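# Tertiary structure, described
Spelled out, the chains give:
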Amino acid sequence: MKLVKYILLAVALVVLGGWFNHRPASRKLQSAGEATRVSVASQDPYEMINENRYLAGLPEFYRSRPLERAAANHARYLVANPINSTDYLDYHREIPGRRLFTGINPSDRGRHVGYLSDKVSENISFGSPSQADAITSLMAAIYHRFGFLDYTVSEIGIARRSKVFVYDMGNRQLAQICTDRPEYFAARSYLRCGDYLISSDDEEYLCRHLPEEARLNDIPKGLKCGNGTVIDGEYLRDFCDSPPAEALIQGPGSYYSLCDGRYRVRRDWLDALCRDPGPAAYRPRQYFTLSSCPDTRIKSEWRERLCSMVGTSDMDEALFYPDICHGRFLVSVKRWEESEGDRLATVTDYVVWPPEDYPTPTSFSSEYPDPLPDLEISGYPVSIHFNPYTTEDVHVFRFSLQRYDDVSEQWLPVNKIRRLNQRSDPNHKFTSRQFAWFPLDPLSPRTTYRVEIGFSYNGEAETLRWAFETRPQ
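Residues numbered from 1 in each chain as written. Predicted model: local features only at pLDDT ≥ 70, side-chain atom pairs only at ≥ 80, totals over all residues. Heavy atoms only, no water.

## Quick word on the pairing of strand 16 (residues 350-353)
Just so we agree on the cut-off: Each residue gets one of three labels from its accessible area relative to the maximum for its type: buried under 20%, exposed over 50%, partly exposed in between, using a 1.4 Å probe on protein chains only. Numbering goes from the N terminus for both helices and strands, where a helix is a DSSP run of H or I of at least four residues and a strand is a run of E of at least two. Between any two strands, pairing holds if DSSP finds at least two bridges.
Side-chain alternation along strand 16 places Y350 and V352 on one buried face and V351 and W353 on a second face that is also buried. When strand 16 meets strand 20 (residues 382-386), the two strands line up antiparallel, connected through four bridges. From the neighbouring strand, Y350 faces strand 20, where its bridge partner is F386.

And the structure:
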């Protein structure tokens, strides 16, 4: 059984980004909706986490009062309802009917306090004596580290109850969009118009501004045969003006009454025409209509031109997130992705941890779920993960860890290392842009370690080298 010093828990966040291209200039915190910064004490947990974000080169968290209330509610629930084996150790799930229940999952608990974005992630620590110890332990736990250093989260709410520490994270810009419902981000209902997509508003625009030359007027009504063939209206009009003698019945027999009853047309003649109308009779005029003006017939040759006036050929315009906002506001995928891409375009392409000269713990002992289920303790993991909006085709092809030996004054390789990536992660939580290396033995205290990582992204190769020193034992 693996030794558990602290119980650390994480839930994955699937967030699609942000609205404003903004990074706080100071390491203070701003509450959502406030115009001024919030002062925090030097040992405040918000400041501690933001220091880590700052060292990683990431935008620092804003302080979210709604997420703080959601975290406090869950901390109280966990203290009032101790988790046991029958609950499958899911510390992020509340069970309806139990005392202090406010929502099954972090998203539900956010909605309970008025946080309208559906995307909420959560880190939890049990048993740490202080916030500093809890955060340090969470940063040693790889899944939780990636949670705190996620590119797509921008605000956090923190709560403590006894030795239960809850950290709820979300995207401030997305939450504001879900609250304010700006028209720019609203998904539109699109209809096909030839090779284009047009919104209902644009369709109405077309109907109001349809040029006269696009309208198809004075179309003689055609004749629909029993077999479904349509005889062209102009052909029928010409027939009625001067019907051929062989088409008309001259004596007794079966016939059809056509041309407003003026002529009796031989049944066998018209049936033959319906079976094989030929190009003269079977050339019905082509036109289309729009739902906003169904009585207006538009010439087919004008179709593409009209649709292209206000439509789009970008099919991504029609995509939307159906459940990203609790208030049922439909967010356009294209607009949101473009906005989030702009916000993160100025953020570093990759994040490494521990960073240069960081006073690093020597070991990692536990996390749930467990990234090293066969080991009781290991060395402090080294990780790198990449910006999802600026990097593509990410490959890490080299890693080395060395420690400096004061006796021999040489760099000695650390050979016993386990690599985790999307394929080797036993819990399948890593993305294709996340990589970590666990020394299988604890690191030596008060020792300098040197890291080298070779990787490529966007078609360019790069080698990164840096050093950190471990803390005293």
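What follows picks up the thread again.
## What to know about the packing of helix 1 (residues 45-56) against helix 4 (residues 131-140)
Condition: As a rule, the C-alpha atoms of each element are fitted with a line to give its axis, helices using only the stretch in contact, and angles between N-to-C directions run from 0 to 180 degrees. Each angle receives one of four descriptions, namely roughly parallel if under 35 degrees, roughly antiparallel if over 145, roughly perpendicular if within 65 to 115, and oblique otherwise. By definition, any crossing whose near helix is turned counterclockwise from its far helix by less than a right angle is left-handed, and any crossing with a clockwise turn is right-handed. Any pair of residues with heavy atoms lying within 4.5 Å of one another is described as a contacting pair. Residues are grouped as follows: nonpolar covers Ala, Val, Leu, Ile, Met, Phe, Trp, Tyr, Cys and Pro; charged covers Asp, Glu, Lys and Arg; every other residue, Gly included, is treated as polar.
Direction vectors running N to C along helix 1 and helix 4 enclose 30 degrees, while the axes themselves pass 10 Å from each other. The angle between helix 1 and helix 4 places the two elements in the roughly parallel class. Like other packed secondary-structure pairs, helix 1 and helix 4 cross with a definite hand, here right-handed. Residues P45, M48, I49 and N52 of helix 1 pack against Q131, A132, I135 and M139 of helix 4. Classifying every residue of the contact of helix 1 with helix 4 by side-chain character gives six nonpolar, two polar and no charged.

## Brief notes about the sheet that holds strand 25 (residues 448-457)
One open sheet accounts for five strands, arranged 17-26-25-21-22; its pairing is mixed. Two strands close off the open sheet at either side, each with one partner strand: strand 17 (359-360) and strand 22 (410-413). Of the pairings in the sheet, the one linking strand 17 to strand 26 (residues 460-470) comprises two bridges and is parallel in character. Note that in strand 26 the partner of T360 across the bridge is T470.

## Structural notes on the state of the cysteines
Structurally, a disulfide amounts to a covalent bond that connects the sulfur atoms of two cysteines. Stated precisely, the cut-off is as follows: In this description, the term disulfide denotes a pair of cysteine sulfurs within 2.5 Å.
Evaluated as defined, the whole model comprises four disulfides. The side chain of C207 participates in a disulfide bridge whose partner is C293; the two sulfur atoms lie 2.1 Å from each other. Given an S-S torsion of about -70 degrees, the disulfide between C207 and C293 has left-handed geometry. Taken together, the residues span a long stretch of sequence, with C207 in helix 7 (residues 200-208) and C293 in strand 13 (residues 293-299) at a distance of 86 residues. One exposure class covers both C207 and C293, and it is buried. Shown here is the disulfide that connects C240 with C259, its sulfur atoms set 2.0 Å apart. Across the S-S bond linking C240 and C259, the dihedral sits near -85 degrees, which makes this disulfide left-handed. Of the two residues, C240 sits in helix 8 (residues 233-241) while C259 sits in the loop between strand 10 (255-258) and strand 11 (263-266), which places them 19 residues apart along the sequence. Accessibility classification places C240 together with C259 in one group, the buried group.

What is shown is where atoms sit, not what they do.
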